[in-house]
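# Analysis of the macromolecular model
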Amino acid sequence: MKLWLDGGLQDTESARVSVFDHGLTVGDGIFETVKAVDGRPFALTRHLDRLTRSARGLGLPDPDLDEVRRACTAVLDANPMALGRLRITYTGGHGPLGSDRGEHGPTLVVAVGESARRPDSTAVITVPWTRNERGAVTGLKTTSYAENVVALARAREQGASEALFGNTVGQLCEGTGSNVFVVLDGEIHTPPLASGCLAGITRALVVEWTGAKETDLPLDVLEGADEIFLTSTLRDVQAVGRVDDRPLAGAPGPVTAKAMRVFDERAGNDLDP
């Protein structure tokens, strides 16, 4: 396996990032996960636009998107696979053992790992912790992911693949690595960005392609929604068959199934929508 590190391809066994890298010591970094199908990335332009937005939100220099594109192509060419998780990581670089940044400039890593198609439906849980819709890094895809690690571990313990958060005012927000949609009286709704959720790439495409409405939703909407589904880079559109102790019989339901078909068709016709 080969990855891209600061300007070129390297073997995974010999590639090294400084132990003083700010992405490691204080989580000062951003990332994107891009689906790659037969060596071709999906929606790369949208992902790179969000990478730049996240960098600006953290006060990092704008990434060199031409280099990032070259890195993605090189890594995918060097590691052929049918379905891959392409990971772009961009950090504050070598820095002091504190919150202040150093002067060495950012670190760029691009790597890929093999993936498998997700099941059509899954189980989720809700967790007691909240998303802060007014935080300094709200809406940014940062490497500070410990909160998600804890919540996802809770989900795994309960036989689920995802954990869903409310925000500080009791509204439905998002999952650890996904956006959430609910079907109410035949209409698709998803929390607005003001809820504190990430501006997911797949979320945006589903909103555009299905006409889903961005709606403030109470967390307990999950107790009565007709259908629930998740979206993310590698889930695409995935039905929820159980939320906490509530089964949703027959998942995917008809509205979710249609959204799945629409997404598969539109994504199959345009790799960079």
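Up top you'll find the structure we're talking about.
Quick caveat: nothing in here was measured; it's all calculated off a predicted structure. (Residues numbered from 1 in each chain as written. Predicted model: local features only at pLDDT ≥ 70, side-chain atom pairs only at ≥ 80, totals over all residues. Heavy atoms only, no water.)

## Some details on the sheet that holds strand β4 (residues 40–41)
Across the sheet, which stays open at both edges, the 6 strands sit in the order β2-β1-β6-β5-β3-β4 with antiparallel pairing between neighbours. Strands at the two margins of the open sheet, each flanked by one partner only, are β2 (8–11) and β4. Of the strand pairs in this sheet, strand β1 (residues 2–5) and β2 are connected by 4 bridges, and their pairing is antiparallel. Looking across to β2, one finds that W4 is bridged to L9. Sheet strands touched by helix α2 (residues 44–58): β3 (29–37), β4 and β5 (83–91). Its angle to β3, the strand with the most contacts, is close to 175°. (Pairing = 2+ DSSP bridges. Helix = DSSP H or I, 4+ residues; strand = E, 2+ residues; numbered from the N terminus. Contact = heavy atoms within 4.5 Å. Axes fitted to C-alpha atoms, helices over the stretch in contact; angles between N-to-C directions.)

## Comments concerning the packing of α2 against helix α3 (residues 65–78)
Where α2 contacts α3, the axes come no closer than 11 Å and their chain directions differ by 135°. Relative to α3, the element α2 is oriented oblique. The two elements α2 and α3 meet at a crossing, and its hand is right-handed. Contact residues: L44, T45, L48, L51 and T52 in α2; L65, V68, R69 and C72 in α3. Residue classes in the contact of α2 with α3 are distributed as 6 nonpolar, 2 polar and 1 charged. (Parallel < 35°, antiparallel > 145°, perpendicular 65-115°, else oblique. Left-handed = near helix turned anticlockwise from the far one by under 90°. Nonpolar A, V, L, I, M, F, W, Y, C, P; charged D, E, K, R; others polar.)

## A short note on helix α6 (residues 254–269)
An ideal rise of 1.5 Å per residue puts 22 Å on 16 residues; α6 measures up with 23 Å between its terminal C-alpha atoms. Buried within α6 we find T256, A257, A259, M260, F263 and A267. The buried residues of α6 occupy an angular sector of 160° when projected down its axis, which confines them to one face. Exposed and facing more than 90 degrees away from the buried side of α6 are P254, K258, E265 and N269. As for α6, its buried residues are in contact with β10 (179–184), α5 (201–210), β13 (227–232) and β14 (236–243). (Expected span 1.5 Å × (residues − 1). Buried < 20%, exposed > 50% of the residue type's maximum accessible area, 1.4 Å probe, protein only. Arc of directions from axis to C-beta.)

What is shown is where atoms sit, not what they do.
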